[in-house]
Structures are given as structure tokens and as C-alpha cells.
Amino acid sequence: MADIRFRPLWPGLLAGALLVTGAAGLAVCRPAAVGAEQVAAAAIEQQIRSAMANPLRTEQQRARDTYRHPLETLTFFGLRPEMTVVELWPGGGWYTTILAPVVAERGRLVVTNFDANGPKESGMTRSARALNERLASDPKTYGKVQTVLIAPPDNLTLGPDNSADLVLTFRNIHNWAAAGYEDKVYAAAFKVLKKGGTFGVEEHRARPGVSVAESIKTGYMPEDYVIKKIEAAGFKLASKSEINANPRDTRDHVGGVWTLPPTLSQGEKDREKYLAIGESDRMTLKFTKP
């Protein structure tokens, strides 16, 4: 298991990939350091960058890029345009807007959603309607996105068995743990993934030594606990990264993780202090299905 910090390919990679040589000026050779894998990686990087530049993304969404590092995170998880990707609990669709264009032509994006016809007072119902409205708002970006309805904890079927290449979750685990069905989500993710498939996890990271019971209340989760739980579902930890680490986050805020942006639950109280900290310190973990 590797512990790495991902650095995207340098911008001049493709420009220096081909070198014309030889007496006739027709022979073409490729420098040893630049092979087919690097060229393919550069092409994928460009697709992610293009998706990030989509005019559909609001200024508020773009402002989160400096904290969420979508290019580095998605590259670390191994996103490729031909993949079938399942995004769990997409929320407002922050990552959906980036993922959808990347896999639109050659792959498939599936997002989970709740019943939009459920009780009006239910948060799940409101969330479902908001996501449906977003997906309907721009057919060019979201037209090929598929949804799978779930009703946790009983119905967590994410798709046909062994059908997905990549399952992703961003900052959801504390909610699953608080609701008491995190093990069922991991089991469902394992079931839908192909052999060799990847489960990519990003989650708020608790301070070492804080109990699970206490950390759940704050929205942060102990990294060793998360790894242990996911591996218990059959996954193997392949690598971890500090891409989304934030050493400025003390992780002991009175209002938990929601004290920090983008929520800023304390309102104007110490607002500048929390803006200076930025978003939470996060673990970024890559698991594989053996």
C-alpha cells in the first residue's frame, strides 16, 4: 500500500512527446520518459480540466477547487473516460458536474438518488428533487447521467453485480455512520464493482485518539476506523494520499466540521478565522476489490 501525493502531469508533456530526427527528417522517435501511458494520462487530465472549465459551474463551485483538488483527486482514483462510474450520495452535484462530461461519450455515470415523491417534510425528498432539477437543467452536461433510486437502509442496490469500474464517495461516511448503515453501503459498493474495480473515498478526518462515538458528532471520522470498516467488507486498501489534507484545520471546532466553509454554521462569529482555515482536513483513500 503506497502513501503518495499526486502531482498532475506538467503542461509541456505533450508538446515534447514527439521529436523529429534523422538525415531525411522523417524518422520519428519518442523520448524514453514519455511512453504511451504518459500520453494517455495527459489526455485524461485534459478531459478533466475541460470539465472543470464547464461554464455551467458557478463561481461558488469553482471556489471550492482550491480545497477539493478535483483534478488530482480524480486522477488518483484512476478515472478514465471509458469507465462505468457510480457516485454515491452526490448531494448538490458538485462532483457530478465534473464527472459527467468525462465519461459521457465512452463510459457511463450513475448517481444515487432518493424518492422525489416521498414525504414533503423529508430531507431526502428535498434532496432528491434538487438533484433531479439539476440533472434536468442542462441536457448537454447531464443528459446521459443515469440515476438509481435507493432507500437506505433497506434498499441499497447500486446496479447489476460486477458492473462498475469505479465507485466514488465524497464526504458522506460520517452520515452513514451516524445513521447506522455504513456497513451496508460498503457491502453494496463491493457488490456492484467488477473484480479489480476501485472504491474511492474522501472523508473528513478526525484527530488521532478521538473515539468514533465522539467524532461522528463532529462530522469527522477516524481514518484507521474507516479503513478497518471498508476492508471488513472485502476491499483492500491500495493507496492513500494527502491530496486533500489541510494542516490548518485543528478539527476541534465547537460546531464540528460545519463550522468551516462552505457551511460556516457559526455565521459571522469568527468568520474570517474559519475562512482562513478553509475546508476540512480530509483523508483520500483508494480501495480495490480483489
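Computed from a predicted model, the values in this text were never measured in an experiment.

### A short note on the overall build of the protein
Here is step 1 of the chain: Helix and strand counts for the protein come out as 12 helices and 10 strands.
Here is step 2 of the chain: Out of the 290 residues in the protein, the part that is buried amounts to 46%.
Here is step 3 of the chain: By sequence separation, contacts in the protein at least 24 residues apart represent 73% of the contacts at least 6 residues apart.
Here is step 4 of the chain: For the protein, the computed accessible surface area is about 14,400 Å², with 54% contributed by carbon and sulfur atoms.

### A closer look at the packing of aromatic side chains
Here is step 1 of the chain: The tally for this structure, following the rule as stated, stands at 12 aromatic pairs.
Here is step 2 of the chain: Judged by centre distance (4.9 Å) and plane angle (70°), the ring pair of W94 and Y95 falls under edge-to-face.
Here is step 3 of the chain: Y95 sits in the buried class, given a relative accessible area of 2%.
Here is step 4 of the chain: Summarising the aromatic geometry, the rings of W176 and Y186 are spaced 6.2 Å apart at their centres and angled 75° between planes, so their arrangement reads as edge-to-face. Within this pair, whereas W176 is found in helix α8 (residues 173-179), its partner Y186 is found in helix α9 (residues 182-192), the two being separated by 10 residues in sequence.
Here is step 5 of the chain: Take W176: its relative accessible area is 1%, and that puts it in the buried class.
Here is step 6 of the chain: Look at Y186 and you get buried, because its relative accessible area is 0%.
Here is step 7 of the chain: One Lys or Arg, R68, reaches over the ring of W94 and ends 5.0 Å from the middle of that ring.

### Some remarks on the packing of α9 against helix α11 (residues 223-232)
Helices that pack against each other are described as a pair by the angle of their axes relative to one another and the distance between those axes.
Here is step 1 of the chain: α11 packs onto α9 with a crossing angle of 55° between their chain directions and a minimal axis gap of 9 Å. The angle between the axes of α9 and α11 places the two elements in the oblique class. When you trace α9 past α11, the crossing you get is right-handed. Contacts between α9 and α11 pair E182, D183 and Y186 from the former with Y225, K229 and I230 from the latter.
Here is step 2 of the chain: Residues belonging to the contact of α9 with α11 are distributed by class as follows: three nonpolar, no polar and three charged.

### Details of the pairing of strand β10 (residues 282-288)
Here is step 1 of the chain: The element β10 is largely enclosed, with a buried count of five among its seven residues.
Here is step 2 of the chain: Bridge count for strand β8 (residues 193-204) against β10 is seven bridges, and the pairing is antiparallel. Counted as the bridge partner of E203 is M283 from β10.
Here is step 3 of the chain: Pairing geometry for strand β9 (residues 236-241) and β10, over five bridges, is antiparallel. Bridge pairing in β10 places S239 opposite K286.

### Brief notes about the layout of surface pockets
It is a probe the size of a water molecule, rolled over the atoms, that shows where empty space is left.
Here is step 1 of the chain: Taken as a whole, the largest pocket encloses approximately 730 Å³ of empty space.
Here is step 2 of the chain: In this structure, the largest pocket is lined by 33 residues; those nearest its centre are G91, G92, F170, R171 and N172.
Here is step 3 of the chain: Within the residue set of the lining of the largest pocket, elements represented by two or more residues are β5 (108-113), α6 (123-137) and α8.
Here is step 4 of the chain: Counting residues per element, the lining of the largest pocket draws most heavily on α6, at five residues.
Here is step 5 of the chain: Residues that form the lining of the largest pocket fall into these classes: 14 nonpolar, 14 polar and five charged.
Here is step 6 of the chain: By volume, the second largest pocket amounts to about 190 Å³.
Here is step 7 of the chain: Residue composition of the lining of the second largest pocket, by class: four nonpolar, two polar and three charged.

Rules used in this analysis
Within every chain, residues take consecutive numbers counted from 1 along the sequence as written. In view of the model being predicted, local features appear only for residues whose pLDDT reaches at least 70, and side-chain atom pairs are presented and counted only at 80 or more, with totals across whole chains, interfaces and linings using the full set of residues. Side-chain descriptors were evaluated using all non-hydrogen atoms of the structure, hydrogens and water having been removed beforehand. Strands are runs of DSSP state E lasting at least two residues, helices are runs of H or I lasting at least four, and both sets are numbered from the N terminus onward. The classification of residues rests on relative accessible area computed with a 1.4 Å probe and restricted to protein chains. Under 20% of the type maximum is buried, over 50% is exposed, and intermediate values are partly exposed. Here, residues are in contact when the closest pair of their heavy atoms is within 4.5 Å. Per-residue and other accessible areas were derived by the Shrake-Rupley procedure at a 1.4 Å probe size, with only the shown protein chains allowed to occlude residues. Classification of ring pairs rests on two measures: the distance between centres of Phe, Tyr or Trp rings, Trp counted by its six-membered ring, which must be within 6.5 Å, and the angle between planes, read as stacked under 30 degrees, edge-to-face over 60 and tilted in between. Throughout this description, the term charge over a ring refers to an Arg CZ or Lys NZ atom that lies within 6 Å of the ring centre and within 35 degrees of the ring normal. Inter-axis angles, ranging from 0 to 180 degrees, are taken between N-to-C directions of lines fitted to C-alpha atoms, where helices are fitted over the stretch in contact. Roughly parallel here means an angle under 35 degrees, roughly antiparallel means over 145, roughly perpendicular means 65 to 115, and every remaining angle is called oblique. Working rule for handedness: look at the near helix, and if it is turned counterclockwise from the far one by less than a right angle, call the crossing left-handed; if clockwise, right-handed. Each residue is assigned to one class: nonpolar for Ala, Val, Leu, Ile, Met, Phe, Trp, Tyr, Cys and Pro, charged for Asp, Glu, Lys and Arg, and polar for all the others, Gly among them. Here, a strand pair is defined by DSSP locating no fewer than two bridges between the strands. Only protein atoms enter the 1 Å grid, on which a cavity is a set of points fitting a 1.4 Å probe that cannot get out and a pocket is an open set with protein on both sides within 12 Å along at least 5 of 7 lines, lining residues being those with an atom within 4 Å of a point. Grid points are joined across faces, edges and corners, and a volume is the space filled by probe spheres set on the points.

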